[in-house]
Amino acid sequence: MKKIILISLFFLLSSFLYNISNAQEIIGVPRIIDGDTVHINNYKIRLEGIDAPEIKQKCKKPFISFSAFIDFSINKSYSCGSVSKEKLINKINKSTIKCISLSKDRYNRYLATCFKDQTNLNKWLVRNGYAVAYKRYSNKYSNDEIHAKNNSLGVWQGTFIRPEKWRKLN
């Protein structure tokens, strides 16, 4: 039994070390493509574990809302994909970021977690409601999505179609 445990630990440690050794670190001032895609030099980077609204995607949020004897609100469409992109542009503010990638997606983009100083940008986007957790591939940012939803932040202040579903419909 000890032998099996030792062998299992060896393979687990080997796999971990292999992934670390394959990590690609990409550093530079990015060009923001949308809320979950950036380019640094010739590197196309997809922020891993998150899904931001598409540039052409519309969401709805309350425009006028009041409550006297009945609740009344008027919802207005807005370009939530453009908002997501602009929020990321403003957060990075032409600064250098560091992206750490362990793999590529089917479009040959680097899947990465990106940082501005100590801020995890993937997490920041989801936690503020400018992107959602891409639960199909990872649950890493699920708690951040719950935080945004519970606090009515970003897309969570109104109604929207999850970006993955919106892409299928459009």
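How each quantity is defined
- Position numbers for residues count from 1 along each chain, tracking the sequence in the order it is written.
- Under the rules for a predicted model, residues below a pLDDT of 70 receive no local features and side-chain atom pairs below 80 are neither given nor counted, while totals for whole chains, interfaces and linings still include all residues.
- Only hydrogens and water are set aside when side-chain values are computed; all heavy atoms of the structure are taken into account.
- The criterion for a disulfide is a pair of cysteine sulfur atoms lying within 2.5 Å.
- Numbering of helices and strands runs from the N terminus; a helix is a DSSP stretch of H or I covering at least four residues, while a strand is a stretch of E covering at least two.
- For every residue, the accessible area obtained with a 1.4 Å probe (protein chains only) is divided by the maximum for its type, and the residue is called buried under 20%, exposed over 50%, and partly exposed between those limits.
- Any helix carries an expected span of 1.5 Å times its number of residues minus one.
- Under this definition, polar contacts are N or O atom pairs within 3.5 Å; protein pairs additionally need one hydrogen-donor-capable and one acceptor-capable atom, and for neighbouring residues in sequence, both atoms have to be side-chain atoms.
- Contacts are assigned to residue pairs that have any heavy atoms within 4.5 Å of one another.

J.: Would you mind going over the state of the cysteines with me for this structure?
T.: Structurally, a disulfide amounts to a covalent bond that connects the sulfur atoms of two cysteines. Counting across every chain of the model gives 2 disulfides. A disulfide bridge connects C59 with C80, and the sulfur atoms are separated by 2.0 Å. Note on the C59 and C80 pair: the S-S dihedral is about 65°, so by sign convention the disulfide is right-handed. Residue C59 is found in strand β6 (residues 59-67), and its partner C80 is found in helix α2 (residues 80-92); the two are separated by 21 residues along the sequence. Of the residues examined, C80 reaches a relative accessible area of 2% and is grouped as buried. Paired by a disulfide, C99 and C114 hold their sulfur atoms 2.1 Å apart. What sets the handedness of the C99 and C114 disulfide is the S-S torsion sign, and at about 110° it is right-handed. Of this pair, C99 sits in strand β8 (residues 97-104) while C114 sits in strand β9 (residues 110-116), and the two are 15 residues apart along the sequence. Taking relative accessible area as the criterion, C99 reaches 0% and is therefore assigned buried.

J.: What should I look at first to understand α2 in this one?
T.: Note that an α-helix has 3.6 residues per turn; residues three or four places apart therefore point the same way. Given a rise of 1.5 Å per residue, 13 residues ought to cover 18 Å, and the 18 Å separating the end C-alpha atoms of α2 matches this to within 8%. Positive phi appears at N93, one or two residues downstream of α2, with a value of about 50°.

J.: What's the story with the side chain of D51 in this structure? I'm lost.
T.: Structurally, D51 can be placed in strand β5 (residues 50-51). Among the polar contacts listed, one links the side chain of D51 to the backbone nitrogen of E164, at a separation of 3.3 Å. Setting aside residues no more than four positions away along its own chain, D51 makes contact with D36, R46, A131, V132, Y134, P163, E164 and R167.

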